[in-house]
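Secondary and tertiary structure notes
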Amino acid sequence: MRFGILGPLEVTGAAGPTDTGRTASYAPPAAKLRVVLATLLVRANEVVSADTLIDELWPDAPPRTATTTLQVYVSHLRKTLRSADPRHGREALVTRRPGYLLRVDADALDSAAFEELSRRGRQALRDGEFAAAADLHRRALALWRGPVLSDTPHGPVLEGAAVRLAEARTDALDRRVRAELHLGLHRELVAELRELVAEHRMHEEFHNHLMVALYRCGRQAEALRVFALLRETLVEELGIEPGPASSRLRRRILEGDPALSRTEAGSESAAGAGAWAGAGVGAGSTTDATPPAAATPGDRPPGPGALPAPDPYFTGRSEELRELERMLRGSPAGSCVAVTGLPGAGRTALAVEVAHRVADAFPDGQVFLDLRDDAPGGPAAAARILARSVRAGGARLGSTDGPSAAPRLLLVLAGVTSETQVRPLLRALRGAVLLLVARRVPAGLPGLRSSVLGPWRPEESRRLVGLFTGRPGAGADPDTVADIVELCGRLPLAVRAAAAQLAARPHWTADTLADRLRDERGRLDALRTGDVDVRARLAEAYEACPGDRRRDFRLLSLLPPGRFGVRQAAAALDMTERRASAALEALADERLLTVERDGLHLPEPLRLLAVERLALEDPPEVARAATERVCRAYAAAATEQGPVSDAAARGLVRLAGAAYEAGWWELTVRLTDALAGWVPDDGEDIYLPALDAARRCADRSAQARMLRSLGDLAWQYRRVERAHELFSGALDLARAADDAEEVARSLVGLAELRLDGGESAEAATLLEHALDALAAPDRTHGRTRARYEASRARALLALVQGEPETARDRFGACLELAGTLRDRRLEAYAVRSLRALSLPSDARGGPGSRTVSRAVEIRPGLWRIGPAGVPT
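Of the regular secondary structure elements, the chain holds 36 helices and 18 strands. Residues counted as buried form 52% of the 872 residues belonging to the chain. Here the contacts in the chain between residues at least 6 apart in sequence split such that 67% fall between residues at least 24 apart. Per element, the accessible surface of the chain, about 38,600 Å² overall, is 50% carbon and sulfur.

Here's what the structure looks like:
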């Protein structure tokens, strides 16, 4: 059974052609079934949640029966797959929490085959094997039958996949043309390139290829005309000039550079021999050292062994750069400096940047080698390049004379996994300093110094606007960019992928991208574009971990986003705090979490990977048990710690939602109670489920607390009748439960409604009743908070009645009570209120002043304008 998405959706059976000689098609005829199957295929061998499939089927407004309808669609698809492959189709589509997983072999899906052929073609091109590169890319492109899933409606997931694959096709086309130009096929390419530049009017590489092809055909004027049309398009459409490569190519055509007429098929220079001469001077990139078809010895990007050019968009890391530069300039020959850190943190880019900055300290130059197994040629090729490069640079290899007095060569080694890769080089190279790029610190190397990279620092976020606009300060709001960066966990690779997504969609704004990234279920999909796949890069680090560490990593995804402590992690891992501390240190060593001064942290992309892996690899009962442990740990900690910050409150809201979905009613109430009346804009979504949970466990006091919190929310949004109804309901329940604290707080709420309406006498009566309810000697935490609220409301009443001294006394009581509560927010409010009362009467709009209206802070951050004003 095979599947095709590079064109109309295609499903072919395992039985082969029919009697008519045509291949039988099992593609579902119904559009909704095609949407479900296509979504599962673009995320083949991954769990796709039911919510994601529902969003894809009904992007605007899913019906109430969406879940049941989806189950019917899945049942139909299973029958279709069994028909296509009676032997294996039954097991292909399986249910996995929280959705479904479609098992597909790598060679059974055309998009997977396309990506594998493209990957091999890229490597062949990097190795200078132009005939193989051209052939592999031709085979990859031949798999396309039209636009991705052209017969299937696109929701968010399918739209993202279609754009990503279309970009990959364009990239493969570019590389195929590049390889064929190296083979001298310029005449054959002219017609095709004219079509390509007409279709891709702002794609500079296709225009450059056409310019080279025309120039090699002796059509110099036409080549220059291509540049003029490109410039006209870019200036009119985007207000920018062509890039340096295009401008440089135009200049060489004008000068009649004979090197442009030479092809390099089979030549050693194309593969980069001798490219180390002048090491560190080139125009390559840290991710792609493919030589352009128009390269010449004086303009060629660095070949194997040469230091890539610095990243033109390199941003931030100022502290790390200073520290690394200090280390390298002060290192004696034979020493090592390592750049380690999280996957996707930009270790290689940082190493290349600092290597360029210290070039003057190494007279024999710099050598860059990639030791990863998937690097072009692998480690064996790196060893050959090193020997050739060192001889070309004149650096001295090992001898018995001991190390040289001063270092002369900087050797940058990327992809280091073990000290065994480094020790032979330390013995062999006398005059070198080694700059190692590794995920973990290689143990056992004498005198090793290292810099550990985590996410970008928060203050660096606002400097990243240029990544999203192509030029700093244009077209993207810095606050929106900061939000995007936070959604990417401030991880450089993820931020770059997000910027690439925005660049690929001219109709998107930064706000559009931010909205897409806020959907956690599809965020890692949105961070995949072209060759950059954040999920795959992070998964490499995950797969390299021991099994126990992978299990710990998955369970930590059940903690709320943000920082956490050992106690919370111990609950998730079902360990003692001592064992949990050791496990967390091991994960930090594996660079799967960060250790910061104020706690531990799973950067967002890593947390989302852990969420996916937990759903894929662990039984549902494991996640359920761990979730309950986490909920109980956070509820207990919140009770002990008192008031919570906004970030901590959001974490409690998340856990309360999980508890409600699991049917743990008492836990839902406890977690919501820990919010201590925190009322955000989406408060109804928080307190309504908790109210339902309180009803299910027959807790009248809890019901009263939730109704009162909902009343506070309605009052803030000026839904006065609704607020009155909610406060009154809370009061009735509190009296039935004999809960004096909630009786008092509900009466305060009703009193504030009266006060807002200018009914001071009625408000005073209600507040007297609240004080009567609190007259008992109980001094619990809740009573203290109720006394605070009553004192605050009575102080506001005194202000309305023109009694500032009485208001001062009551705000003073608020300050004392806030200190007992250890609530800095309430304490700061009381201090501000007392300070306002210290102002002259006319300055604060007191009685007898000429001020028409005045602003009074009636609750922390909430103001009333005028004597009977409206909170804003």
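Another aspect to go through is the environment of leucine 453. Looking at the element boundaries, leucine 453 is found in strand β11 (residues 449–453). Given the relative accessible area of 2%, leucine 453 is considered buried. Expressed as a C-alpha distance, the spacing of leucine 453 and glycine 344, which sit 109 residues apart in the sequence, is 9.7 Å.

As a further point, take the sheet that holds strand β8 (residues 366–370). Sheet architecture is open: five strands sit in the order β8-β9-β10-β7-β11, paired in parallel fashion. The sheet is open, and its two borders are formed by β8 and β11, each paired with just one other strand. Between one strand and the next, the sheet's axes are offset by a mean angle of 15°, whatever the strand orientation. Here strand β9 (residues 409–416) runs beside strand β10 (residues 432–438); their pairing, made up of seven bridges, is parallel. Bridge pairing links alanine 414 to valine 437 in β10. Lying over the sheet, helix α13 (residues 318–329) contacts β7 (336–341), β9, β10 and β11, oriented at roughly 165° with respect to β11. Relative to the sheet, helix α14 (residues 347–357) contacts β7, β8, β9, β10 and β11, its axis offset from that of β10 by approximately 155°.

For the structure shown, the criterion picks out five aromatic pairs. Plain terms: the ring middles of tyrosine 542 and phenylalanine 553 are 5.7 Å apart, the flat faces sit at 45° to each other, and that makes the pair tilted. Of this pair, tyrosine 542 sits in helix α21 (residues 534–543) while phenylalanine 553 sits in helix α22 (residues 547–556), and the two are 11 residues apart along the sequence. Like phenylalanine 553, tyrosine 542 is buried. Ring centres of tyrosine 660 and tryptophan 665 lie 5.5 Å apart, and the angle between their planes is 65°; on these two criteria the pair is classed as edge-to-face. The class of tyrosine 660 is partly exposed, set by a relative accessible area of 27%. Classification of tryptophan 665 by relative accessible area gives partly exposed; the value is 24%.

The next point concerns the pattern of salt bridges. The final tally for this structure, using the stated rule, is 67 salt bridges. Here aspartate 525 ties to arginine 535 by a salt bridge, and the two come within 3.2 Å at their closest N and O atoms. Of this pair, aspartate 525 sits in helix α20 (residues 523–526) while arginine 535 sits in helix α21, and the two are 10 residues apart along the sequence. Each member of the pair, aspartate 525 as well as arginine 535, is classed as buried. Note that aspartate 552 is salt-bridged to arginine 551, the shortest N-O span being 3.0 Å.

Glancing now at helix α10 (residues 220–238). One turn of the α-helix equals 3.6 residues, which is why residues spaced by three or four share an orientation. With 19 residues, α10 ought to run about 27 Å at 1.5 Å a step, and its terminal C-alpha atoms sit 27 Å apart, in line with that. Among all positions in α10, only Ala223, Val226, Phe227, Leu230, Thr233 and Leu234 are buried. Projected down its long axis, α10 shows its buried positions confined to an angular sector of 125°, all on one face. Residues of α10 that are exposed and point more than 90 degrees away from the buried face comprise Ala221 and Glu236. Each element contacted by the buried residues of α10 is listed here: α9 (204–216) and α11 (244–254).

The residue arginine 439 is located in the loop between β10 and β11 in this model. Within polar-contact distance, the side chain of arginine 439 engages the backbone oxygen of glutamate 590 at 2.6 Å.

Moving on, we get to the side chain of arginine 34. Tracing the backbone through its elements, the reader meets arginine 34 in helix α1 (residues 31–42). Beyond its immediate sequence surroundings of up to four residues, arginine 34 is in contact with Leu9, Pro28, Pro29, Asp151 and Thr152.

This brings us to the sheet that holds strand β14 (residues 563–564). An order of β14-β16-β15 is seen for the three strands of this open sheet, with the pairing classed as antiparallel. With one partner strand each, in any of the chains shown, β14 and β15 (594–596) form the two edges of the open sheet. Relative to strand β16 (residues 599–601), β15 runs antiparallel, the two being bridged by three bridges. Bridge pairing in β16 links threonine 594 to histidine 601.

With 84% of its residues at a pLDDT of 70 or more, the chain shows a mean pLDDT of 82. Mean pLDDT values over the elements of the chain span from 31, in helix α12 (residues 268–271), up to 95, in helix α23 (residues 566–573). This stretch, residues 294–302, has a pLDDT under 50; its non-local contacts, to residues over four places away or in other chains, come to 26 contacts. Across residues 392–404 the pLDDT falls below 50, and counting only partners more than four positions away or on other chains, this stretch makes 29 contacts in the model.

So, on to the packing of α1 against helix α2 (residues 50–57). Where α1 contacts α2, the two axes come as close as 10 Å, and the packing angle between them is 135°. When the axes of α1 and α2 are compared, the pair comes out oblique. Between α1 and α2 lies a crossing whose hand is right-handed. Each of Lys32, Val35, Val36 and Thr39 in α1 lies in contact with α2, whose residues at this interface are Leu53, Glu56 and Leu57.

Turning to the pairing of strand β6 (residues 99–102), a few remarks are in order. For strand β4 (residues 47–49) and β6, the ladder comprises three bridges, and the chain directions are antiparallel. Among the inter-strand pairings, serine 49 is bridged to a residue of β6, identified as glycine 99. Where strand β5 (residues 93–96) lies against β6, four bridges are found, and the strand directions are antiparallel. Within the sheet, the bridge partner assigned to leucine 93 lies in β6 and is leucine 102. Between β5 and β6, which pair antiparallel in sequence order, lie two residues.

Attention now moves to helix α31 (residues 720–736). Here α31 contains 17 residues, and its C-alpha end-to-end distance of 24 Å stays within 8% of the 24 Å for a straight helix at 1.5 Å per residue. Within α31, the full set of buried residues consists of Ala723, Leu726, Phe727, Ala730, Leu731, Leu733 and Ala734. Where the residues of α31 are buried, they touch α30 (700–716) and α32 (740–756). At the exit of α31 stands aspartate 738, carrying a positive phi of roughly 55°.

Another point: unusual backbone geometry. Backbone torsion omega between arginine 97 and proline 98 reads 10°, so that peptide bond is classified as cis. With respect to the secondary-structure elements, proline 98 resides in the loop between β5 and β6. For aspartate 738, which is not glycine, the phi dihedral falls at a positive 55°. By secondary structure assignment, the location of aspartate 738 is in the loop between α31 and α32.

Calculation rules
Residues numbered from 1 in each chain as written. Predicted model: local features only at pLDDT ≥ 70, side-chain atom pairs only at ≥ 80, totals over all residues. Heavy atoms only, no water. Helix = DSSP H or I, 4+ residues; strand = E, 2+ residues; numbered from the N terminus. Buried < 20%, exposed > 50% of the residue type's maximum accessible area, 1.4 Å probe, protein only. Contact = heavy atoms within 4.5 Å. Areas by Shrake-Rupley, 256 points an atom, 1.4 Å probe, with all protein chains shown as cover. Pairing = 2+ DSSP bridges. Axes fitted to C-alpha atoms, helices over the stretch in contact; angles between N-to-C directions. Phe/Tyr/Trp six-rings, centres within 6.5 Å; stacked < 30°, edge-to-face > 60°. Salt bridge = Lys/Arg side-chain N within 4 Å of Asp/Glu carboxyl O. Expected span 1.5 Å × (residues − 1). Arc of directions from axis to C-beta. Polar contact = N/O pair within 3.5 Å; in protein donor to acceptor, adjacent residues only side chain to side chain. pLDDT = per-residue confidence, 0-100. Parallel < 35°, antiparallel > 145°, perpendicular 65-115°, else oblique. Left-handed = near helix turned anticlockwise from the far one by under 90°.

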